[in-house]
Amino acid sequence: MLHVIFFITLIKKLIFTLLETKNKIKKSVLLIDNDKITHLLLQEILSKKIKLFCAECGQKGIDILKKIGDSIDVIFLDLFLPSESCFNIYHEIKQEYPSIPIIAVSSASISDLRERCISEGFDEIISKPININEFRKTVNKYIS
């Protein structure tokens, strides 16, 4: 009888711990951008409830996705990575993770790139320097 009481108590604790852990799960954002200042800025902008993963190049971003891809809620991809085509990176990511939204980030004129990004399949495009309110609104749109 004592074993049964102990077992039931153990199960109750396990269920409570699982429910508590579920409520603490953070949303995740992946930033693929070679600009360290952008990494620091976005870490400051995002709330403590959002985990930011940063990659300086497309391949490092893909490596992060291979490890934790299913837990990433949205990706921000710089359009001007040195020696890499952001469009190739975009298509490589979408091939493996089609449901993850990808937002283009660019310091170039948005009007010049908007049509190309939309035709390639990007979900949105935001400009640098990053407007804090616009960025927060975009993140919340995709993680809510």
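Please read these numbers as outputs of a predicted model, since none were measured by experiment.

**Comments concerning helix H4 (residues 86–96)**
Of all the positions in H4, only Cys-86, Phe-87, Ile-89, Tyr-90, Ile-93 and Lys-94 are classed as buried. Along the axis of H4, the buried positions cluster into a sector of 155 degrees, meaning they face one direction only. Along H4, the residues that are exposed and aim more than 90 degrees away from the buried face are Asn-88, Gln-95 and Glu-96.

**Points about the packing of aromatic side chains**
Scanning the model with the defined rule gives three aromatic pairs in all. Ring centres of Phe-76 and Phe-135 lie 4.9 Å apart, and the angle between their planes is 45 degrees; this geometry places the pair in the tilted category. With Phe-76 in strand S3 (residues 74–78) and Phe-135 in helix H6 (residues 132–143), the pair connects residues that are 59 residues apart, well separated along the chain. Relative accessible area serves as the criterion here: at 1%, Phe-76 is assigned to the buried category. Geometrically, the ring pair formed by Phe-87 and Phe-122 is edge-to-face, given 6.0 Å between the ring centres and 80 degrees between the ring planes. In this pair, Phe-87 is assigned in helix H4 and Phe-122 in the loop between helix H5 (110–120) and strand S5 (124–127), connecting sequence segments 35 residues apart. For Phe-87, a relative accessible area of 10% puts it in the buried group. Given the relative accessible area of 3%, Phe-122 is considered buried. Taken together, the ring pairs in this structure connect Phe-87, Tyr-90 and Phe-122 into an aromatic cluster. When the ring centre of Phe-87 is taken as reference, the NZ or CZ atom of Arg-116 above it lies at 3.7 Å.

**Quick word on the pattern of salt bridges**
Counted according to the given criterion, the structure contains six salt bridges. A salt bridge links Asp-33 to Lys-128; its shortest N-O distance comes to 2.7 Å. Within this pair, whereas Asp-33 is found in the loop between strand S1 (27–32) and helix H2 (36–45), its partner Lys-128 is found in the loop between S5 and H6, the two being separated by 95 residues in sequence. Judged by its relative accessible area of 0%, Asp-33 falls in the buried class.

**As for the state of the cysteines**
Enumeration according to the criterion identifies zero disulfides in this entry. Between Cys-117, a free cysteine, and Cys-86, which holds the nearest cysteine sulfur, the sulfur-to-sulfur gap is 6.4 Å.

**Some remarks on the environment of Gln-43**
Its place among the elements puts Gln-43 in helix H2. For Gln-43, a relative accessible area of 44% puts it in the partly exposed group. Put simply, Gln-43 and Phe-53 are 10 residues apart on the chain and 9.2 Å apart in space, counted from C-alpha to C-alpha. In this view, Gln-43 contacts Leu-52 and Cys-54; residues no more than four positions away in its chain are not counted.

About the criteria used
Residues numbered from 1 in each chain as written. Predicted model: local features only at pLDDT ≥ 70, side-chain atom pairs only at ≥ 80, totals over all residues. Heavy atoms only, no water. Buried < 20%, exposed > 50% of the residue type's maximum accessible area, 1.4 Å probe, protein only. Helix = DSSP H or I, 4+ residues; strand = E, 2+ residues; numbered from the N terminus. Arc of directions from axis to C-beta. Phe/Tyr/Trp six-rings, centres within 6.5 Å; stacked < 30°, edge-to-face > 60°. Lys NZ or Arg CZ within 6 Å of the ring centre and 35° of its normal. Salt bridge = Lys/Arg side-chain N within 4 Å of Asp/Glu carboxyl O. Disulfide = S-S within 2.5 Å. Contact = heavy atoms within 4.5 Å.

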